[in-house]
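# Overview (structure and organization)
Read off the chains here:
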Amino acid sequence: MAASKKQRWTWLGGTTLLLVIGIVVGLVLQNVWLGILLAAIVSIGWLLLVESRKGDNNTGVGDETHGIEV
């Protein structure tokens, strides 16, 4: 239970940080909505990265026990 709670906080913290960075980038570009959109896109990538790390720890495509996985 503690590991999933830690992962939840990692994802939430990363997402919040990406949103803040997106707003700052939007302010620099003088378009906050563009910054929020870019932050949302990067946040989806962040979510995929965090969730894929929770997987079965398959290390590489050449793993003979699992075959080729995409």
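Look up a bit, the structure's there.
Scoring rules and cut-offs
- Residues numbered from 1 in each chain as written.
- Predicted model: local features only at pLDDT ≥ 70, side-chain atom pairs only at ≥ 80, totals over all residues.
- Heavy atoms only, no water.
- Helix = DSSP H or I, 4+ residues; strand = E, 2+ residues; numbered from the N terminus.
- Buried < 20%, exposed > 50% of the residue type's maximum accessible area, 1.4 Å probe, protein only.
- Areas by Shrake-Rupley, 256 points an atom, 1.4 Å probe, with all protein chains shown as cover.
- Patch = residues over 30% accessible without salt bridge, like charges linked within 9 Å, V, L, I, M, F, W, Y side chains within 5 Å.
- Salt bridge = Lys/Arg side-chain N within 4 Å of Asp/Glu carboxyl O.
- Contact = heavy atoms within 4.5 Å.

### Concerning the overall build of the protein
Tallying secondary structure elements over the protein gives two helices and zero strands in all. Relative to its 70 residues, the protein shows a buried fraction of 11%. Carbon together with sulfur atoms contributes 70% to the accessible area of the protein, which is approximately 5800 Å² in total.

### Focus: a nonpolar patch on the surface
A contiguous nonpolar patch, built from Leu 17, Val 20, Ile 21, Val 24, Val 25, Val 28, Leu 29, Leu 34, Leu 37, Leu 38 and Ile 41 and spanning about 970 Å² of accessible area, is present on the exposed surface. Elements with a minimum of two residues in the nonpolar patch: helix 1 (2–28) and helix 2 (32–53). Of the residues forming the nonpolar patch, the biggest block, six residues, is contributed by helix 1. For Leu 29, the location among the structural elements is in the loop between helix 1 and helix 2.

### A look at unusual backbone geometry
Positioned with a positive phi, Gln 30 is a non-glycine residue whose angle comes to about 60°. Looking at the element boundaries, Gln 30 is found in the loop between helix 1 and helix 2.

### Remarks on the side chain of Ser 43
Here Ser 43 shows up in helix 2. Sequence-distant contacts of Ser 43, defined by excluding residues within four places in its chain, comprise Thr 15 and Leu 18.

In short, geometric facts, not functional conclusions.
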